[in-house]
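Coordinate inspection notes
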Amino acid sequence: MLGLMQDWPLLCHRIIDHAAINHAERPIVTRSIEGPLHATTYAEVRARALRLAQRLDKDGIRLGDRVATLAWNTWRHLEAWYGIMGIGAIYHTVNPRLFHDQIAWIVNHAEDRVMLADLTFIPLLEKLADKLPAIERYVVLTDGAHMPQTSLKNAVSYEDWISEVDGDFAWKKFDENTASGMCYTSGTTGNPKGVVYSHRSNVLHGLMANNSDMKGYSSRDVVMPVVPMFHANCWAMMFAAPIAGASMVMPGAKLDGASVFELLDRYKVTCTAAVPTVWLMLLQHLEGTGSKLPHLKKVIIGGSACPRAVAKVFQDIYGVEVIHAWGMTEMSPLGTACTFKPEYAALAGDARLDIQQKQGQSPFMVEMKIIDDAGKRLPWDGKTSGRLKVRGPCVARAYFKEDDGLLDEEGFFDTGDVSTIDRYGYMQVTDRAKDVIKSGGEWISSIDLENLAVGHPKVAEAAVIGVKHPKWDERPLLVVVLRKDQSATRDEILKFMCGKVANWWMPDDVVFVDEIPHTATGKIQKTVLRERFKNFVLPSAAAAR
Ligand code: ADP
């Protein structure tokens, strides 16, 4: 027997309909690419998204067609997502920080037909245009007055373009499993991989994000997504905020400490989210100016491990709750968040920070397991580490145009992370499987050592890689960038770390560098470091010879 409830497919445009009806006047403020601050509302965003949908439809964009966006977080980009999805087309966020050849590769691989781009990226696109033959039209996300002279094919300003239709249009009807969005993983090895979200997965994921042990937005919140819309589906914020009816503040292209602070302060932002690098810049700005954060309640930190010092300063000095979160593009992207179950809720000081170093608990709809090399499940004891696998309705089962299914026989996806899970279900990433250091048959966590090293007051950034060793196979080498105008010795850093980790985990040597290489999403490029130090001879290795 089937249930007798209504057939109401989970389609993304229902989210913007809901926000426009029930939270019509809620402000959406943007630092525009042209310069001035711009304000709109959910009601206007919906009306203009419908115009865009109508305009795309007029150009023959149909169900399943891909529309690329190369853009910062702005109200126009938000309208674009909903307008594109509302006719069953697919928003494809392109990360402008990728190498140019990679950008061309993914736009061609996705077979994008239209490109919506911010003014910032016009010079880049003019250089790449010859390599993008399938793009039929470039729409510049600006108005007629700011439209530059450009050689781009059929280029038009967004405002002029959408004003060519009257907005009298209705969303199209289709199945909830229809594709809605696309985002490529950065592909540190090999070509990038296309992850394809469905309407159903985006709606479920937006609801999941609003769980109070995840981000938990309400209509009283002012949410500022600092994480770009081109990074891992913007961590659900473009769905979770309108579902909740929260006000939004979009930072546009300016993500430096002073600019982020200005918006947090002026618009009384209550919740925000980004990678650790952004927060390091903000904290530096606050330290320099003596400013405070009286309105901010929650900051979500993820994408790479949240340094202990960042969590401590936010909480102890500024009274802002830190939520350390973990996820990946393939998971829509939320996987876990480190909020407090009753078992940990009473902890304070260092004991609380210890727990916050973990990536946290999984919400309903994310199932986790850790396994050994033979595929056997490992215990949740907080000590045993293994490959982390996940399953759920917002987790990828295959990549775009790749036939191979990604899942094991139980339907789990291999995250490529190595982690522990404790008895209360708190997961802690100890490494990427390919970065773990294998010493004498045992594993050493590079992330733990890096977290420890950045706790040293003179250290700005640290990376740990495995270097060949004649006796132990690999031993850890610590690569350090010092804070501005600081100097330190190898022994000083090692002495600071000594006693805080098992002796056999201690790095065998320390090298100081001016800069550590990063990927397009701000992660340390260990492959580049390993290549650079592949012939490095550790003092212990020389002695063992
Ligand atoms: P990109 O490289 O494009 O940012 P993803 O966002 O999909 O790609 O990267 C996901 C990976 O980032 C995870 O598998 C994990 O290794 C790492 N990661 C994400 N959040 C955290 C975190 N809080 N702590 C440690 N690693 C993290």
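As the structure is a prediction and not an experimental result, all values here were calculated from the model.

Surveying the vicinity of the ligand reveals 17 residues, the closest of which are S186, T329, D417, R432 and K523. H324 has a polar side-chain atom sitting 3.0 Å from a nitrogen atom of the ligand. Against a free-state accessible area of 560 Å², the protein chains account for coverage of 90% of the ligand. Here the shell around the ligand takes four residues from strand β14 (residues 321-327), the largest share from any one element. Each residue belonging to the shell around the ligand can be placed in one class, and the counts come to four nonpolar, 10 polar and three charged.

Along strand β19 (residues 427-432), five of the six residues are buried, which leaves the element largely enclosed by surrounding structure. The pairing of strand β18 (residues 413-421) with β19 spans five bridges and is antiparallel. Counterpart to I421 in the pairing with β19 is M427. Taken together, β18 and the strand that follows it, β19, pair antiparallel across an intervening segment of five residues, in which G425 is found at a positive phi of about 90°.

Quick look at the domain arrangement of the protein now. Once the domains are mapped, the protein shows domain 1 (9-32 + 40-210 + 219-247), domain 2 (363-432) and domain 3 (437-544). Placing a centre on the C-alpha atoms of domain 1 and another on those of domain 2 gives a separation of 30 Å. Contacts between the two partners involve 16 residues from domain 1, matched on the other side by 11 residues from domain 2. When domain 1 packs against domain 2, the two sides together hide about 1,100 Å² of surface, and 73% of this comes from carbon and sulfur. Among the residues domain 1 hides against domain 2, the three largest losses belong to H109, K193 and M208. Together they make up 44% of the total. Counting the contacts that link domain 1 with domain 2 gives three residue pairs in polar contact (both at pLDDT 80 or more). At the level of secondary structure, the elements contributing two or more residues to the side of domain 1 that touches domain 2 comprise α4 (100-110), β8 (179-184), β9 (194-198) and α7 (199-209). Ranked by the residues each element gives to the side of domain 1 that touches domain 2, the list is headed by α7, at five residues.

Right, let's get into the environment of N535. Tracing the chain through its elements places N535 in the loop between α16 (526-532) and α17 (539-544). For N535, a relative accessible area of 66% translates into the label exposed. A sequence separation of 67 residues divides N535 from K468, and the C-alpha atoms of the two residues are 8.3 Å apart.

Calculation notes
Residues numbered from 1 in each chain as written. Predicted model: local features only at pLDDT ≥ 70, side-chain atom pairs only at ≥ 80, totals over all residues. Heavy atoms only, no water. Near = heavy atom within 4 Å. Polar contact = N/O pair within 3.5 Å; in protein donor to acceptor, adjacent residues only side chain to side chain. Areas by Shrake-Rupley, 256 points an atom, 1.4 Å probe, with all protein chains shown as cover. Helix = DSSP H or I, 4+ residues; strand = E, 2+ residues; numbered from the N terminus. Nonpolar A, V, L, I, M, F, W, Y, C, P; charged D, E, K, R; others polar. Buried < 20%, exposed > 50% of the residue type's maximum accessible area, 1.4 Å probe, protein only. Pairing = 2+ DSSP bridges. Domains from an automatic or database assignment. Contact = heavy atoms within 4.5 Å. Buried area = accessible area lost by both parts, 1.4 Å probe.

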